[in-house]
Every structure is written in structure tokens, then in C-alpha cells.
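Summary of the model geometry
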Amino acid sequence: MRHLIDFSDMTREQWEQLYQRASQIMDAPEEYIHVCEGRISCNLFYEPSTRTNFSFQTAMMRLGGSVFGFADPNSSSVAKGETLKDTVKMVSNYADVVVMRTPWEGSAKAASLYSAVPVVNAGDGGHMHPTQTMADLTTITRLRGGVDGLCLGLCGDLKNGRTVHSLIKAMAKFRDIKFFLISPRELAVPEYIRAFMRERQMWFTEVTGLEAVIPQLDVLYMTRIQKERFVDPLEYERNKGVYILTRRKLERAKKDMLVMHPLPRVDEIAVDVDDDPRAVYFAQARYGMFARMALLEHLALQDRDDHLPPVEIGTKPVCTNPRCITQTEHYLPPLVRKIGGVDCCGFCDAVLR
Ligand code: NCD
């Protein structure tokens, strides 16, 4: 694996190798403190982040490597109008791996076309967040012994929640997974995710109520309503606070169900749930750091590639998704991929119309 843009970039075997490595690091972290010595990660964070940015930074530090970058694009040449392509070409001169988070869907894929070093997608708008999925799978595997055969409830803003999209894609690699997708109708998963699940014949059902399905779940994955992604503030007002997990609702859940959340939480999990042994969201953040250590070890030790093939220059964007990176970076090539037989944008996956 050269870049991690989407969880589909990995095979199940590659994931299992990374998981084994993350487990080994967890069990004896002192053995890994020199693994990335002399290696440098560039962390480009165009969007707010606490966990992801800090855990990538500390992951690299715990491997003996160093980190530079920005957490506020206004302090970089981006504020002067530099393109993503130029920023990435520049920083890949200095770093051994580039970790990036942006509000633009498909931006990590775009960056990977121009980077001499591996690129990691640490969240591209409401699209994907594959390293959060590594944290999620590490948590489930450590605490439940495996992922096959589980029944998962994904609850909240499934339209804009990138962690949910990545988790669903990853689950296609496992057997006998059942999904209850719990959301208000207007915040249901995007069409390309539904097409992906149908194509792979994944078992899923879309519901609006949490309480009726809670007794069936092995994992309840709560998510925040993603306020910053709403174009219409009234749509946010209609949906905020729609799901709140309380101790009372948990009474009907299995005794060994895991309550997970990528965090930050707003109000969707009542604070008194934190002390329930099934609440594992803070441990999940720690597992995420070890998973990222395994990933950085794999990527930051790779050789640079200073002879990337030329990329065709785009003329006009083929994608009409207003949040797609092709809307602002007009030089990008017109990439198309098929999902469930339908033509979709090769950057943001939106169905092409
Ligand atoms: C998530 C994200 O940024 O998508 N947070 C995270 O990375 N742990 C979830 C969120 O912001 O709701």
C-alpha cells in the first residue's frame, strides 16, 4: 500500500498485518521507539481536529520520528491562494509522509497524484476517514476478539459522517456483518454508499428509531450531527439532538455490547453513560494512536518516488458535487469509477449526473 486514501486501498490481509503490528506495539511500545528515527511527517490540517491531529503527532513521536505542519491553513501559503497540488508537491520535498485533513471531498486522492511520498487521508470533508476506521476495527478486535459475524448499529448523521462511510467500506472485508443504519431520513447514507453495499450484497436496513433495534446490536456506533457540513441551518436545527443515548436506553442492550463514538461528542451520549463498562469511546481514541503507529511505520519507511507519471490536465470538472475538490482545483483530471455499475466521481465518489 502506497497511500491510504480509502479503506478499500487495503486488502483484508494487509489490514490484519497492520492490526497485528498495532497489537505488538501496544504490548511492548518501548521496542518501537526508534523505528522511524530520522523520518518526518508533514501534517496538513485545513480543518479543526483534536484527536486525529494529536494522535498522528504522538504516533510519530513514539516511533522516534518528527512532525511539522499546520493546524490552521491561514498560517500557510494556502492563504495566499496556493493550489493543493503546489502545496503537496512542496511539502513532499521535505517530508517522508503527508497526513492531511481538509473540508474538500476527494482532496487526499487529488494530493496523492502529485506527492513523491505516501499520503494519508485524515478526513476529506464528509467523504472518508480511513484511519478512524483503523481505530474502530482495532477497538472491536481487541475487545471482542474479531469482527466477523457482528451486528452493528450506526446512529446519527450518516449522510455527512465520514467515519461511518469508511467503516461501512471496511466492513465489506468481513463475513456475516449486519448493519442497522439509524438516522433521520434526510441524514441517511449517500447513494454511493448504498450502491457499494448492494454491489457487495451486504446486509443492511435503514431505520429512524434507535430504541427498537438496540437489543440486537453487538456494537452501537454513535456519531455527532455534523453541524459544519449543513448548507441549510434549518436542516441542522431540525436534526440536532435527535438521538441521545442514555443509561435508560442502554438497559435493553446486550451486556457485552460496545458503545463506540469517533468523538467529539456533543449531546448524543449522555455523560452518565461514560461509566458504563460498555462505553469504550475514550479507549477507542487510544487504540487509534497505536493503529496509526503501525500505519506510519509502514508508510514513512518507504522510498520517495520523484518520477511520478504526468497527470492529465482537466478542462472542466465532471463532478457536480459542490464539495468535491474538482470544483476548486480545476487542473485535476476527470477521474471516473464505477460503483454498483453507476459512474461516480473518481475523487469524491458522488454519482455523476
Ligand atoms: C470525527 C471526524 O473528524 O470526522 N472525529 C475524529 O476524527 N475522531 C468525527 C466527528 O468530527 O464527528
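Our structure's up above, just so we're on the same page.
Keep in mind it's a predicted model, so treat the numbers as computed, not measured.

1. Some words on the site of the ligand
Looking at the ligand, the residues that line it are Arg 51, Thr 52, Arg 101, His 129, Gln 132, Arg 162, Thr 163, Arg 224, Gln 226, Pro 262, Leu 263 and Pro 264. Thr 52 is positioned with one of its side-chain polar atoms (N or O) 2.8 Å from an oxygen atom of the ligand. About the coverage of the ligand: the protein hides 94% of its 310 Å² of free accessible area. Counting residues per element, the ones that place at least two in the shell around the ligand are helix H2 (51-62) and helix H6 (162-171).

2. Remarks on a nonpolar patch on the surface
Judged by side-chain polarity, Phe 68, Met 90 and Tyr 94 come together as a nonpolar surface patch covering roughly 280 Å² of accessible area. Along the polypeptide, Phe 68 turns up in strand S2 (residues 66-70).

3. Notes on the packing of helix H5 (residues 130-144) against H6
Between H5 and H6, the shortest axis-to-axis distance is 8 Å and the interhelical angle comes to 60°. With respect to H6, the axis of H5 lies oblique. The hand of the H5/H6 crossing is right-handed. Contacts between H5 and H6 involve Pro 130, Gln 132, Thr 133, Asp 136, Leu 137 and Ile 140 from the first element and Thr 163, Ser 166, Leu 167, Ala 170 and Met 171 from the second. In the contact of H5 with H6, the residues fall into six nonpolar, four polar and one charged.

4. Some remarks on the environment of Glu 30
By the element assignment, Glu 30 lies in the loop between helix H1 (12-27) and strand S1 (40-45). Linking Glu 30 and Arg 62, residues 32 residues apart in sequence, is a C-alpha distance of 8.7 Å.

5. With respect to the sheet that holds strand S5 (residues 151-155)
Spatially, the five strands line up as an open sheet ordered S7-S6-S5-S8-S9, and their pairing is parallel. Strands with a single pairing partner mark the edges of an open sheet, and in this sheet they are strand S7 (203-207) and strand S9 (258-260). Going across the sheet, the axis of each strand differs from the next one's by a mean of 15°, ignoring polarity. Of the pairings in the sheet, the one linking strand S6 (residues 178-182) to S7 comprises five bridges and is parallel in character. The residue bridging Phe 179 from the neighbouring strand is Phe 204, located in S7.

Reading guide: rules and limits
- Every chain's residues receive numbers from 1 upward, in the order its sequence appears when written.
- With the structure being a predicted model, the display of local features is reserved for residues of pLDDT at least 70 and the display and counting of side-chain atom pairs for 80 or more, all residues being used for whole-chain, interface and lining totals.
- With hydrogens and water excluded, all non-hydrogen atoms of the structure serve as input to the side-chain values.
- Distances are taken per atom, and a residue is near a molecule or strand as soon as one of its heavy atoms is within 4 Å of it.
- Any pair of N or O atoms that falls within 3.5 Å is considered a polar contact. Within protein, one atom must be able to donate a hydrogen and the other to accept it, and sequence-neighbouring residues count only if both atoms are side-chain atoms.
- Surface accessibility follows the Shrake-Rupley procedure with a 1.4 Å probe radius. Residue values consider only the protein chains on display as shielding.
- Secondary structure elements are defined from DSSP: runs of H or I of at least 4 residues count as helices, runs of E of at least 2 residues count as strands, and each element is numbered from the N terminus.
- Surface patches are drawn from residues lacking salt bridges whose relative accessible area is over 30%; two like charges belong together within 9 Å, two nonpolar side chains (Val, Leu, Ile, Met, Phe, Trp, Tyr) within 5 Å.
- Just to be clear on terms, a salt bridge is a Lys or Arg side-chain nitrogen sitting within 4 Å of an Asp or Glu carboxyl oxygen.
- For helices, the axis comes from a line fit to the C-alpha atoms of the stretch in contact; other axes are also lines fit to C-alpha atoms, and the angle between any two N-to-C directions lies between 0 and 180 degrees.
- Roughly parallel here means an angle under 35 degrees, roughly antiparallel means over 145, roughly perpendicular means 65 to 115, and every remaining angle is called oblique.
- Definitions for this section: a left-handed crossing has its near helix turned counterclockwise from the far helix by less than a right angle. A right-handed crossing has that turn clockwise.
- By definition, residues are in contact when any of their heavy atoms lie within 4.5 Å.
- Ten residue types, Ala, Val, Leu, Ile, Met, Phe, Trp, Tyr, Cys and Pro, are classed as nonpolar, four, Asp, Glu, Lys and Arg, as charged, and the remainder, Gly among them, as polar.
- Paired strands, as defined in this entry, are two strands with at least two bridges between them according to DSSP.

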